Amino acid sequence: MALVAQDQVKAQETLNMRTFQDTAGKTWTLSLNIVTAKKIRDALAVDFFDDDIGETVGKIASNPILLADVLWVCVEEQANKEGVSDEDFGRALGGDVISHATDSFLDELVDFYPEKKRQLLSTMLQKLRTTEAAYIEKAMSMMTSEVMDNVIQQELAKLDNLKALASGSKSG
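None of the values given here were measured: they were computed from a predicted structure.

Undergrad: Could you give an account of the overall build of the protein chain, with specific residues and numbers?
TA: When its secondary structure is counted, the protein chain shows 8 helices and 2 strands. Along the chain direction, N to C, the helices and strands of the protein chain fall in the order α-β-β-α-α-α-α-α-α-α. Per-residue burial over the protein chain gives 24% buried out of 172 residues. On the protein chain, roughly 11,900 Å² of surface is accessible, and the fraction owed to carbon and sulfur atoms is 56%.

Undergrad: Tell me what's going on with helix α3 (residues 53-62), and back it up with residues and numbers.
TA: Looking only at α3, the buried set comprises I53, T56, V57 and I60. Projected down its long axis, α3 carries its buried residues within an arc of 95°, all on one side. Those residues of α3 hidden inside the fold are in contact with α4 (64-81), α6 (96-112) and α7 (115-143).

Undergrad: Provide a residue-level description of the packing of α6 against α7, including the pertinent values.
TA: At a closest axis distance of 8 Å, the pairing of α6 and α7 adopts a crossing angle of 155°. Comparing the axis directions of α6 and α7 gives the class roughly antiparallel. Taking contact as the criterion, the partners of D103, L106, D107, V110 and D111 in α6 are, on α7, R118, L121, S122, L125 and R129.

Undergrad: Could you give an account of the nonpolar core, naming the residues involved and the relevant values?
TA: Among the nonpolar cores identified, the biggest contains 34 residues, and F20, F48, L71, F89, F105 and L109 are the most heavily contacted of them. Looking at this core, the elements that each hand over two or more residues are β2 (27-30), α2 (34-44), α3, α4, α6 and α7. The element that contributes the greatest number of residues to this core is α4, accounting for 10 residues.

Undergrad: Account for the pairing of β2, with residues named and values stated.
TA: Here β2 shows one buried face, formed by W28 and L30, and one open face, formed by T27 and T29. Relative to β2, strand β1 (residues 18-21) runs antiparallel, the two being bridged by 4 bridges. Among the inter-strand pairings, Q21 is bridged to a residue of β2, identified as T27. The antiparallel hairpin formed by β1 and β2 contains 5 residues in its connecting segment, where G25 sits at a positive phi of about 90°.

Undergrad: Can you break down a negative patch on the surface residue by residue, with the values?
TA: A grouping of D69, E76, E77 and D86 is seen on the molecular surface, where their side chains present a negatively charged patch. In terms of residues, the negative patch owes the most to one element, α4, which gives 3 residues. Looking at the secondary structure, you find E77 in helix α4. With relative accessibility at 56%, the residue E77 sits in the exposed group.

Undergrad: Can you tell me about the side chain of E108, naming the residues and giving the values?
TA: When you line up the elements, E108 lands in helix α6. Despite being buried, E108 has no salt bridge partner; R18 is the closest side chain of opposite charge, sitting 4.1 Å away. Within the structure, E108 has its side chain in polar contact with the backbone nitrogen of R18 (distance 3.2 Å).

Undergrad: Please set out the pattern of salt bridges residue by residue, giving values where relevant.
TA: Working definition: two side chains of opposite charge can pair if their charged atoms are close together. Taken as a whole, this structure holds 10 salt bridges when the rule is applied. A single network of salt bridges, built from pairs that share partners, joins K38, R41 and D42.

Undergrad: Residue-level account of α6, with values.
TA: Over its 17 residues, α6 extends 24 Å from the first C-alpha to the last, a length consistent with the 24 Å expected when each residue adds 1.5 Å. Considered for burial, the residues of α6 that qualify are V97, A101, T102, S104, F105, L106, E108, L109, V110 and F112.

About the thresholds
Residues numbered from 1 in each chain as written. Predicted model: local features only at pLDDT ≥ 70, side-chain atom pairs only at ≥ 80, totals over all residues. Heavy atoms only, no water. Helix = DSSP H or I, 4+ residues; strand = E, 2+ residues; numbered from the N terminus. Buried < 20%, exposed > 50% of the residue type's maximum accessible area, 1.4 Å probe, protein only. Areas by Shrake-Rupley, 256 points an atom, 1.4 Å probe, with all protein chains shown as cover. Arc of directions from axis to C-beta. Contact = heavy atoms within 4.5 Å. Axes fitted to C-alpha atoms, helices over the stretch in contact; angles between N-to-C directions. Parallel < 35°, antiparallel > 145°, perpendicular 65-115°, else oblique. Core = buried A, V, L, I, M, F, W, Y, C linked by side-chain atoms within 4.5 Å. Pairing = 2+ DSSP bridges. Patch = residues over 30% accessible without salt bridge, like charges linked within 9 Å, V, L, I, M, F, W, Y side chains within 5 Å. Salt bridge = Lys/Arg side-chain N within 4 Å of Asp/Glu carboxyl O. Lys, Arg positive; Asp, Glu negative; His and termini not counted. Charge placed at Lys NZ, Arg CZ, Asp CG, Glu CD. Polar contact = N/O pair within 3.5 Å; in protein donor to acceptor, adjacent residues only side chain to side chain. Expected span 1.5 Å × (residues − 1).

Function-wise, these values are silent; they only describe arrangement.
So this is what it looks like as structure tokens:
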């Protein structure tokens, strides 16, 4: 009976694991547990049990190089079995893969914690994603606005004026 219960737990853990696909089309499975968290802490000085998990999450989410290193620790065993080096893994992370891998890792991180902390982190992650989407939308709106076009034209005119002044002083 205990064996059946262990098999059910393993099956549930497998269902909950997050995956992402790299630019080479390889699917990577993320599984964050105490052993992996300890390896990440020891190798990268990223501690998922420090006092400010929000800051830790922010660092990983905003730094693709740190993210790649964290991901590597998470998939190193799988990569070694498949003959993929750390450098090859890094070469296959770019563009939208980084975004998908970030989402997968952050979701895996939230699921790693016990229920009460998981609820808090899940809410924090939702707020982070909402804020990021709003920021991008606002930035795109600004960049495509007539106001921005006018600012660009004004700056270009200033450069033209400086160029004319410089040319005039050389000939005089």
